[in-house]
Amino acid sequence: MTENDPFAPNPYVPPAPPQKRFARDVQNNWIGGVCAGIARYFGIDATLVRVLFVVSCLLPGPQFLLYLLLWLVMPKD
């Protein structure tokens, strides 16, 4: 076998990509870390998620109850 052999086995195995976890972010939290955990999971800014949550609370719906439920259900990171 030579170095330029196209049928030679490749010794390089790339590392596995990191697993995405849906968990509360306790390092970047304000109240419960729910918005920060959602932002980290989707790869967006936590401030944007927090602003969207506050704006959504002005609309009718169960947003606050959903936040409390996620606070209880989401594991800590």
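From a predicted model like this one, the values you see are computed outputs, not experimental measurements.

**What to know about the side chain of Arg 50**
Piece 1. As for its placement among the helices and strands, Arg 50 is situated in helix H2 (residues 46-57).
Piece 2. As a buried residue without a salt bridge, Arg 50 has its nearest oppositely charged side chain in Asp 45, at a separation of 6.7 Å.
Piece 3. Of note is the side chain of Arg 50, whose polar atom sits 2.6 Å from the backbone oxygen of Asn 28.
Piece 4. Excluding its chain neighbours within four sequence positions, the residues that come into contact with Arg 50 are Asn 28, Asn 29, Trp 30, Cys 35 and Ala 36.

**Topic: the nonpolar core**
Piece 1. Within the largest apolar cluster, 10 residues are counted, these being Val 34, Cys 35, Ala 36, Ile 38, Ala 39, Ala 46, Val 49, Tyr 67, Leu 70 and Met 74.
Piece 2. The element that contributes the greatest number of residues to this core is helix H1 (residues 34-42), accounting for five residues.
Piece 3. Apart from the residues lying within four places of it in its own chain, the contact partners of Ala 46 are Asn 28, Ala 36 and Ala 39.

**Digging into the packing of aromatic side chains**
Piece 1. In this structure the tally under the stated criterion is four aromatic pairs.
Piece 2. A centroid spacing of 5.1 Å and a plane angle of 90° characterise the contact between Tyr 41 and Phe 42, whose relative ring orientation is edge-to-face.
Piece 3. For the pair Phe 53 and Tyr 67, a centre-to-centre distance of 5.1 Å together with 35° between the ring planes defines the contact as tilted. Within this pair, whereas Phe 53 is found in helix H2, its partner Tyr 67 is found in helix H3 (residues 63-73), the two being separated by 14 residues in sequence.
Piece 4. When its relative accessible area of 8% is taken as the criterion, Tyr 67 is described as buried.
Piece 5. Cluster of aromatic residues (ring-pair linked, three or more members): Phe 22, Tyr 41 and Phe 42.

Criteria and thresholds
Residues numbered from 1 in each chain as written. Predicted model: local features only at pLDDT ≥ 70, side-chain atom pairs only at ≥ 80, totals over all residues. Heavy atoms only, no water. Helix = DSSP H or I, 4+ residues; strand = E, 2+ residues; numbered from the N terminus. Buried < 20%, exposed > 50% of the residue type's maximum accessible area, 1.4 Å probe, protein only. Lys, Arg positive; Asp, Glu negative; His and termini not counted. Salt bridge = Lys/Arg side-chain N within 4 Å of Asp/Glu carboxyl O. Polar contact = N/O pair within 3.5 Å; in protein donor to acceptor, adjacent residues only side chain to side chain. Contact = heavy atoms within 4.5 Å. Core = buried A, V, L, I, M, F, W, Y, C linked by side-chain atoms within 4.5 Å. Phe/Tyr/Trp six-rings, centres within 6.5 Å; stacked < 30°, edge-to-face > 60°.

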